[in-house]
Amino acid sequence: MDAIVGVILQSKKRDQLDDLQKKLEANIDKVRQHANQITNALKALNASEHSLGIVYLLYAKSTLPKLDESFLLEVEAFAEGLDGEQTRRAANRFAFVTNRYMELCRDNNLAARGLKYLKLAIERFRKSPEYLTPLHSQFLCLCLKTKNYKAGHSLVETKIFDVDTNITGLSPKDMLLYYYYGGMIYIGVKEYGKALNFFDNALQVPAFALSAIMVESFKKYVLVSLLSNGKFLGISKNASNLVHRHVKTLCAPYVDFANAFEHDDVEKALKVLNENEQSIKSDRNLGLMKQCLSALHRRNIQKLTSTYVTLSLADIAKTAHLKDAKEAEAYLFKMIDDGEINARINQKDGMVTFEEDHESANFDSAWTSQTLDSRISKAIDLTKRLKRMDNEISSSTAYIARLHGIREEMFDLDILRGGSGRGPRNTGAGISRMMMEMWR
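Remember, predicted model here, so these are calculated numbers, not experimental data.

**Regarding the overall build of the protein chain**
Turning to step 1, where the next piece is worked out: When helices and strands are tallied, the protein chain shows 26 helices and three strands.
Turning to step 2, where the next piece is worked out: In the protein chain, of all internal contacts separated by at least 6 residues, the share reaching a separation of at least 24 is 64%.
Turning to step 3, where the next piece is worked out: Carbon together with sulfur atoms contributes 50% to the accessible area of the protein chain, which is approximately 24600 Å² in total.

In structure tokens:
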């Protein structure tokens, strides 16, 4: 172990780090055999200068079946001072370490403690806030464990534009979990439209096999779709054929519930819920499905406003399939308070008078103008970014080669840069010129 620490201490320059990483990869089993000495070895290293070496030492320790408090403290100390560039060299190893850290915090009632250090690790590890990392899903998992939706909301609101596995070590599972947990965070803050978008993204991740995360995402996607849009929107055409073929069969009760919801059939929706209550409860979707039932009742009440001017509470309860007039009154109070309907309730005779909704007045407010201006500015910025990304991709050698079915290594890059093209490399010159002419 002393020899390994000595090599780490001597390796600071870029070319030395390359050699160090090769040595550490080759001797990872030996390091693991001396795991009991890692705590002392870490004391001799500085997180900001020796991040690469520390990652491998922590990785070796994290593979042990049992970990104690010392591991948590060592990861936390590293998170406070790690060098992002060095750590990204061993992104996969670092992701494994932080995942073990997250699991220990999650399973030992230390989730609130873990949030602080995972947030620090994300900020120091990612190349920029626009990069998605494996640590994102780990952080969101602890947010859900502690019901700290505010912290999770702050992270998912940061727009992601870069997904590079070579830089961050991100895996398909990490991406799926990010969208799944992120969708649950949005449900927690009742932003159902954004939750729907996250679950939809989870279903669109390319896949050769249907994962359990996709199936769970679909279940929540169906229910959130009902809350956000009043109907099941269907699976995106961008999802893989595998998702289109199998996911509805695996989630039949949810599809049946959505069909009943769309047809305003409260009785059928209740029947689906009651017959599958145990499985829905084990999916942890019972509360969400009950919210959908409540939304269905509200929708049925809303429909009455376009047909009747005055109606009794008893008739409303009967038409909306509520228990009694008292429950109908409670729904009406909540809907009036939320601005869903305009109505007056005469509690003496139990009559409800529906009034005209002056929606047009809302568009004259300063808040509406500010919101509209803000969204237009965001749309313009996003358009500029997409154009820039499109130009970068369409002019890249890899894209041009893939587009025309030619291997990238066949390009004579020296010729393209204005080189002489003499010697063995000249064999690719004709192909390069041909490809550039085709592109023009």
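From this point, things continue past the structure.
**Side note on the sheet that holds strand β3 (residues 351-354)**
Working definition: the strands of a sheet are paired by backbone hydrogen bonds and lie parallel or antiparallel to each other.
Turning to step 1, where the next piece is worked out: With antiparallel pairing, the three strands of this open sheet are ordered in space as β1-β3-β2. Here the strands that pair on one side only, and so sit at the sheet edges, are β1 (310-312) and β2 (343-346). Here the average twist between neighbouring strands, direction ignored, is 20 degrees.
Turning to step 2, where the next piece is worked out: Pairing between β1 and β3: three bridges, direction antiparallel. Across the sheet, Leu311 pairs through a bridge with Val352, a residue of β3.

**Brief notes about the confidence of the model for the protein chain**
Segments scoring low in pLDDT should not have their predicted coordinates read at a detailed level.
Turning to step 1, where the next piece is worked out: Of the residues in the protein chain, 90% reach a pLDDT of 70 or more, and the chain-wide mean stands at 85.
Turning to step 2, where the next piece is worked out: With pLDDT under 50 throughout, residues 413-429 is counted as low confidence; its partners more than four residues away or in other chains account for 20 contacts.

**Details of a nonpolar patch on the surface**
Turning to step 1, where the next piece is worked out: On the surface, a cluster of nonpolar side chains totalling about 280 Å² of accessible area is made up of Leu372, Ile376 and Ile380.
Turning to step 2, where the next piece is worked out: Note on placement: Leu372 falls in helix α23 (residues 366-394).
Turning to step 3, where the next piece is worked out: Judged by its relative accessible area of 53%, Leu372 is exposed.

**Considerations on the environment of Asn342**
Turning to step 1, where the next piece is worked out: By the element assignment, Asn342 lies in the loop between α22 (325-337) and β2.
Turning to step 2, where the next piece is worked out: Separated by 14 residues in sequence, Asn342 and Glu356 have C-alpha atoms that sit 6.7 Å apart.

**Observations concerning the packing of aromatic side chains**
Turning to step 1, where the next piece is worked out: Applying the stated rule across the entire model yields eleven aromatic pairs.
Turning to step 2, where the next piece is worked out: Seen in terms of ring centroids, Phe78 and Phe94 are 5.9 Å apart; in terms of plane orientation they differ by 75 degrees. Their pairing is edge-to-face. Separated by 16 residues along the polypeptide, Phe78 in helix α6 (residues 69-81) and Phe94 in helix α8 (residues 91-107) bring together distant segments of the chain.
Turning to step 3, where the next piece is worked out: Exposure remark for Phe78: the relative accessible area of 2% places this residue in the buried category.
Turning to step 4, where the next piece is worked out: Note on Phe94: relative accessible area 3%, which makes it buried.
Turning to step 5, where the next piece is worked out: Cluster of aromatic residues (ring-pair linked, three or more members): Tyr178, Tyr179, Tyr186 and Phe198.
Turning to step 6, where the next piece is worked out: Residue placement shows Arg93 over the ring face of Tyr59; its charged tip is 4.4 Å from the ring centre.
Turning to step 7, where the next piece is worked out: The ring of Phe161 carries the charged tip of Arg385 above its face, separated from the ring centre by 3.9 Å.

**Let's talk about unusual backbone geometry**
Turning to step 1, where the next piece is worked out: With a phi close to 60 degrees, Lys190 is a non-glycine residue in the positive phi region.
Turning to step 2, where the next piece is worked out: On the secondary structure map, Lys190 appears in the loop between α13 (172-188) and α14 (192-204).
Turning to step 3, where the next piece is worked out: Judged by relative accessible area, which is 57%, Lys190 ranks as exposed.
Turning to step 4, where the next piece is worked out: Within the chain, Arg284 stands out as a residue other than glycine whose phi angle is a positive 60 degrees.

**Re the nonpolar core**
Turning to step 1, where the next piece is worked out: Within the largest apolar cluster, 107 residues are counted, with the highest numbers of intra-cluster contacts made by Phe218 and Phe257.
Turning to step 2, where the next piece is worked out: Here Phe257 is in contact with Leu223, Leu226, Ala269, Val272, Met289, Cys292 and Leu293, once residues within four sequence places are set aside.

**Details of the pattern of salt bridges**
Turning to step 1, where the next piece is worked out: Scanning the entire structure with this criterion turns up 17 salt bridges.
Turning to step 2, where the next piece is worked out: Linking Asp264 and Arg299 is a salt bridge whose minimum nitrogen-to-oxygen distance equals 2.7 Å. With Asp264 in the loop between α17 (252-262) and α18 (266-275) and Arg299 in helix α20 (residues 286-305), the pair connects residues that are 35 residues apart, well separated along the chain. This pair shows no difference in class: Asp264 is buried, exactly as Arg299 is.
Turning to step 3, where the next piece is worked out: Residues Arg298 and Glu340 are paired through a salt bridge, measuring 3.5 Å at the closest nitrogen-oxygen approach.

**A word on the pairing of β3**
Turning to step 1, where the next piece is worked out: Judged by which residues are buried, β3 turns out to be one-sided: Val352 and Phe354 face inward and are buried, whereas Met351 and Thr353, on the alternate face, are not.
Turning to step 2, where the next piece is worked out: As consecutive antiparallel partners, β2 and β3 are separated by four residues, and within that stretch Gly350 has a phi angle of approximately 70 degrees, a positive value.

**Some thoughts on the environment of Met335**
Turning to step 1, where the next piece is worked out: Looking at the secondary structure, you find Met335 in helix α22.
Turning to step 2, where the next piece is worked out: Sequence spacing of Met335 and Ile301 is 34 residues, and the spatial spacing of their C-alpha atoms is 9.3 Å.
Turning to step 3, where the next piece is worked out: Dropping the residues within four chain positions of it, Met335 is found in contact with Arg298, Ile301, Gln302, Glu340 and Ile341.

Thresholds, definitions, all that
- Residues numbered from 1 in each chain as written.
- Predicted model: local features only at pLDDT ≥ 70, side-chain atom pairs only at ≥ 80, totals over all residues.
- Heavy atoms only, no water.
- Helix = DSSP H or I, 4+ residues; strand = E, 2+ residues; numbered from the N terminus.
- Contact = heavy atoms within 4.5 Å.
- Areas by Shrake-Rupley, 256 points an atom, 1.4 Å probe, with all protein chains shown as cover.
- Pairing = 2+ DSSP bridges.
- Axes fitted to C-alpha atoms, helices over the stretch in contact; angles between N-to-C directions.
- pLDDT = per-residue confidence, 0-100.
- Patch = residues over 30% accessible without salt bridge, like charges linked within 9 Å, V, L, I, M, F, W, Y side chains within 5 Å.
- Salt bridge = Lys/Arg side-chain N within 4 Å of Asp/Glu carboxyl O.
- Buried < 20%, exposed > 50% of the residue type's maximum accessible area, 1.4 Å probe, protein only.
- Phe/Tyr/Trp six-rings, centres within 6.5 Å; stacked < 30°, edge-to-face > 60°.
- Lys NZ or Arg CZ within 6 Å of the ring centre and 35° of its normal.
- Core = buried A, V, L, I, M, F, W, Y, C linked by side-chain atoms within 4.5 Å.

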